[in-house]
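Analysis of the macromolecular model
Here is what each chain is made of, one letter per residue.
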Amino acid sequence: MKAALLTSVLRRSTAASTSVRAFTSEAAPERKVAILGAAGGIGQPLSLLMKLNPLVSRLALYDIAGTPGVAADVSHINTRSEVKGYAAEEQLGEALEGSDIVIIPAGVPRKPGMTRDDLFKINAGIVKSLCEAIAKYCPNALVNMISNPVNSTVPIAAEVFKSKGVYDERKLFGVTTLDVVRAKTFYAGKAKVNVADVNVPVIGGHAGITILPLLSQATPKANLSDEDIKALTKRTQDGGTEVVEAKAGKGSATLSMAYAGAVFADACLKGLNGAPDVVECSFVQSTVTELPFFASKVRLGKNGVEEVLGLGPLSDYEQQGLEALKAELKSSIEKGVAFVRSS
């Protein structure tokens, strides 16, 4: 038993070291990643995870305060990327210049009793000003939007970029990866399968009923009851609230969101570097439904979105869920657009 365990560990270790060697500074292109909101609850663990990514050569950490300390801390980690911290608005341009990917977790987190509509009032202005700076300093960067409510902040970003004449629909993403991460975890637990082998597409948006896991397309297949499917769907939709309540007013889903953000940024980096068949779910400009933005599987490449993939066959329950989410998602999208146009 011990010999088998040791062999397994060595095999994983060898594979990991081979993977890292494959992305040494000689082999991998120079890539700069900027994190806006790097000193926050999501930003700090996200900064750590991006420092560990061998595809990143420069890591720019920006926040209104506290970033020099975060940058100093993660800069001591013996991985490829050079880290610099930037604080206050006057350093935002320098943080952004030359960025290939900009990740935005900036804003306030959700607290008990706070709706995503409450979040909108605070975070919309923050996102708007950051996107104006992106349009000026790194208009060709891929933008990964984490700041909630994503259903509105992505349309806000699109309107800002349009107003500045730099909008490229292929380069703006709402990060919905946490919904996928949760759906995979919850499905694996119920189906009693190895979570590492699980895949579950999640479509729609990134709030409440707009989150729709397609459990009929989950792999590996499991014979779940209708009650199980409804319960898993509801838990995926309410995952954020579950964490907010468990933390009893002391925070929201920061660690799992940082992990999900790092997973999606890694996929974007692989796409930029030309890796084949990089597919993730994301909230993007879309013609998959009649809504202008929608989360579904997208193929990533050297220009960002290479292809927005279709929804595939839906169960009757999922089709009902799709129709039920459209009105709320439409309203959230329009709210974001109206915010920029009125200001």
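What counts, and where the lines are drawn
Residues numbered from 1 in each chain as written. Predicted model: local features only at pLDDT ≥ 70, side-chain atom pairs only at ≥ 80, totals over all residues. Heavy atoms only, no water. UniProt positions renumbered as here; feature names shortened; annotations may be inferred. Helix = DSSP H or I, 4+ residues; strand = E, 2+ residues; numbered from the N terminus. Polar contact = N/O pair within 3.5 Å; in protein donor to acceptor, adjacent residues only side chain to side chain. Pairing = 2+ DSSP bridges. Core = buried A, V, L, I, M, F, W, Y, C linked by side-chain atoms within 4.5 Å. Buried < 20%, exposed > 50% of the residue type's maximum accessible area, 1.4 Å probe, protein only. Salt bridge = Lys/Arg side-chain N within 4 Å of Asp/Glu carboxyl O.

On to the UniProt feature "domain: Lactate/malate dehydrogenase C-terminal" (unreviewed entry) in the protein. Here, the residues flagged by UniProt with the feature "domain: Lactate/malate dehydrogenase C-terminal" (unreviewed entry) are residues 176–340. The span residues 176–340 shows a helical share of 47% and a strand share of 17%, and its end C-alpha atoms are spaced 22 Å apart.

Next up on the list: the side chain of T289. Its place among the elements puts T289 in the loop between β9 (278–285) and β10 (293–301). Only 3.1 Å separates the side chain of T289 from the backbone nitrogen of L291, close enough to count as a polar contact.

Examined bridge by bridge, β10 and strand β11 (residues 304–308) share 4 bridges and lie antiparallel to one another. Paired with G301 across the strands is G304, a residue of β11.

Looking at soluble globular proteins, one finds that nonpolar side chains tend to be buried together. L36, L96, V102, I104, I134 and F161 are the most contacted members of the largest nonpolar core, which totals 45 residues. For this core, the element with the highest residue contribution is helix α5 (residues 116–137), accounting for 8 residues. V70, V175, L272 and L300 belong to the second-largest nonpolar core, a separate cluster that totals 40 residues.

It is possible for side chains bearing opposite charge to pair when their charged atoms get close. Per the stated rule, a full pass over the model turns up 16 salt bridges. For E132, the salt bridge goes to K128, with nearest N and O atoms at 2.8 Å. On the criterion of helical spacing, the pair formed by E132 and K128 is a turn pair, its members being 4 residues apart in helix α5. Accessibility expressed as a relative area gives 29% for E132, which makes it partly exposed. When the shortest N-O distance is used, the salt bridge between K162 and E159 registers 3.4 Å. In this pair, K162 and E159 both sit in helix α6 (residues 150–163), 3 residues apart, roughly one turn of the helix. The class of K162 is partly exposed, set by a relative accessible area of 43%.

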